[in-house]
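Each chain is listed here by its residues.
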Amino acid sequence: MSKYTLHFKYQAVLHYLHIRSQQRTADHYGISRTHLGRWIRAYQEGGIGALEHPQSKTMTRHRKKLFIAENAYSKPKSPTKNG
């Protein structure tokens, strides 16, 4: 279960969108800027529904990008036919 309700997260994001200051919004709601930043990013990428689990989508994408980047140069070359 999440420590913060969906309503709370949504209100914090709306507050940020109104004043455009993560620090002031975080101070106002008594939360970390890290949490707020995740909520803002989730909301911008997926709307209010994404606030349910803001890390799941972002972290999956992040891990996928890392995996692709790490393995981009380590793919074996396909064998060539001679003759």
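Residues numbered from 1 in each chain as written. Predicted model: local features only at pLDDT ≥ 70, side-chain atom pairs only at ≥ 80, totals over all residues. Heavy atoms only, no water.

1. Focus on the nonpolar core
Judged by nonpolar contacts, Tyr4, Ala12, Val13, Tyr16, Ala26, Ile31, Leu36, Trp39, Ile40, Ala42, Ala50 and Leu51 together constitute the single largest core of 12 residues. For this core, the secondary-structure elements that each account for two or more residues are α1 (6-19) and α3 (33-46). The greatest single-element share of this core, amounting to four residues, is contributed by α3. Once residues lying within four places of it in the same chain are set aside, the contact partners of Ala12 are Thr25, Tyr29, Ile31, Leu36 and Trp39. (Core = buried A, V, L, I, M, F, W, Y, C linked by side-chain atoms within 4.5 Å. Buried < 20%, exposed > 50% of the residue type's maximum accessible area, 1.4 Å probe, protein only. Helix = DSSP H or I, 4+ residues; strand = E, 2+ residues; numbered from the N terminus. Contact = heavy atoms within 4.5 Å.)

2. Quick look at the environment of His28
Of note, His28 is situated in helix α2 (residues 22-29). Sequence-wise, His28 and Ala12 are 16 residues apart; in three dimensions their C-alpha atoms are separated by 8.8 Å.

3. Section: the packing of aromatic side chains
In the structure shown here, the tally under the stated rule is five aromatic pairs. Taken together, a centroid distance of 5.3 Å and an interplanar angle of 15 degrees make the contact between Tyr4 and Phe8 stacked. Judged by relative accessible area, which is 17%, Tyr4 ranks as buried. Centre to centre, the rings of Tyr10 and Tyr43 are 5.9 Å apart; their planes meet at 55 degrees, and the pair counts as tilted. Residue Tyr10 is found in helix α1, and its partner Tyr43 is found in helix α3; the two are separated by 33 residues along the sequence. Note on Tyr10: relative accessible area 24%, which makes it partly exposed. The partly exposed category is assigned to Tyr43, whose relative accessible area is 22%. Members of the aromatic cluster, joined through ring pairs, are Tyr4, Phe8, Tyr29 and Trp39. (Phe/Tyr/Trp six-rings, centres within 6.5 Å; stacked < 30°, edge-to-face > 60°.)

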